[in-house]
Amino acid sequence: MASTQILKRRIRSVSNTKQITKAMELVAAAKLRRIQEVAQRSRIYSDAALAILRRLTNSVEAAHHPFFNPPASKGKLYIIFSSDSGLAGAYNANIFNAAAKAFKEDNQQGVQPYVVVFGRKGAKHFSRGSNLELLGAYEDTPDNPEVNIFASVLKTMTEGIEDGRFGAVILLYTEPISTMVAKVRSLQILPVQPPTETTENENEPNIVFEFEPSPEVVLESALKLYFESSLRRARIEAAASEHAMRMISMNNANRNAGDLIDALTLEFNATRQADITQQIAEIVGGAEAIA
């Protein structure tokens, strides 16, 4: 049985850890509340950008545009969102496992995966990959970023499609289903494939739009809006998932620390009681020997 001094040090150490995990839980909860409001607005904005693009998919300009019909290519670009810090449970592990599965399928089909990653953890992880090519790594990206942060990524993406280096562009990020549940989502943004929706009246005739100043300018603006909103939404959704998983992880750590303190306190009390009992027995034995 450990001595009381050792048990005191262990209890004090675990108590200090418990204070840290509690503070981290509160910080993550505060960040989560803020980013949830931003995430809701980003979804509305992204859906609006997609609705605008959907109106252009049947135009002649879209039919011949490389973003809708890219040239044949054996490359695929993955834009992956990870975290800059740890202590978020399985947040990064889930992303890495999903990416590894996708890369394995690509390699089996003779497709070369290229990666642009956001987050220090992802940059470190994918820099060691042997079956991929890391094109860029970005760290310390804000939870609610400005769209100009993605300018270099958009350039890499658009030039790769136009040059025939990439045949598709995939966003890989964690999407929050609820505060307690999150899942990894793989979203293809190139070639552009807006989801189809059933109209309220299927017999409604097709509407002909007039574009100003020209269909080409409108299409380019709509595509830029769609790409920027998709990247920004992915970053915000990933941040919300990260904070939620870190809050849950720190809550579990805080609870486990409390259980460990209770167990150590019980052991400390038992050890101290045993020491007192032994001392009493020695005193009684000594008194009987003198008598």
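Throughout, residues of each chain are indexed from 1 in the direction in which the sequence is written. With the structure being a predicted model, the display of local features is reserved for residues of pLDDT at least 70 and the display and counting of side-chain atom pairs for 80 or more, all residues being used for whole-chain, interface and lining totals. The side-chain figures draw on all heavy atoms in the structure; neither hydrogens nor water molecules are used.

1. Here's the deal with the environment of Ser 249
Numbering of helices and strands runs from the N terminus, with a helix taken as a DSSP run of H or I at least four residues long and a strand as a DSSP run of E at least two residues long. Looking at where Ser 249 falls in the secondary structure, it is placed in helix α6 (residues 215-290). Taking C-alpha positions, Ser 249 is 9.0 Å from Ala 90, a pair spaced 159 residues apart along the chain. Not counting residues within four places of it along the chain, the set of residues in contact with Ser 249 comprises Leu 87, Ala 88 and Gly 89. Note on contacts: a residue pair qualifies if any of its non-hydrogen atoms lie within 4.5 Å across the two residues.

2. What to know about helix α3 (residues 91-108)
Taking 1.5 Å per residue, 18 residues should reach 26 Å; α3 reaches 27 Å between its end C-alpha atoms and fits that length. Here's how the labels work: a residue is buried when its accessible area is under 20% of the maximum for its type, exposed when over 50%, partly exposed in between, all with a 1.4 Å probe on protein chains only. For α3, every residue scored as buried is listed here: Tyr 91, Asn 92, Ile 95, Phe 96, Ala 99, Ala 102, Phe 103 and Asp 106. Buried positions in α3, seen along its axis, are confined to an arc of 130° and lie on one side of it. Opposite its buried face, α3 presents the exposed residues Asn 97, Lys 101, Lys 104 and Gln 108, each directed more than 90 degrees away. Those residues of α3 hidden inside the fold are in contact with β1 (75-81), β2 (112-118), α4 (120-126), β4 (168-176), β5 (182-190) and α6. Each helix should span, by expectation, one fewer than its residue count multiplied by 1.5 Å. An arc is given here, and it is the one of the directions from the helix axis to the C-beta atoms.

3. A word on the confidence of the model for the protein chain
A score between 0 and 100, pLDDT records how confident the predictor is in each residue. Predicted confidence across the protein chain gives a mean pLDDT of 87, with 93% of residues reaching 70 or more. Under a pLDDT of 50 for its full length, residues 198-204 has, in the predicted model, zero contacts with residues more than four places off or in other chains.

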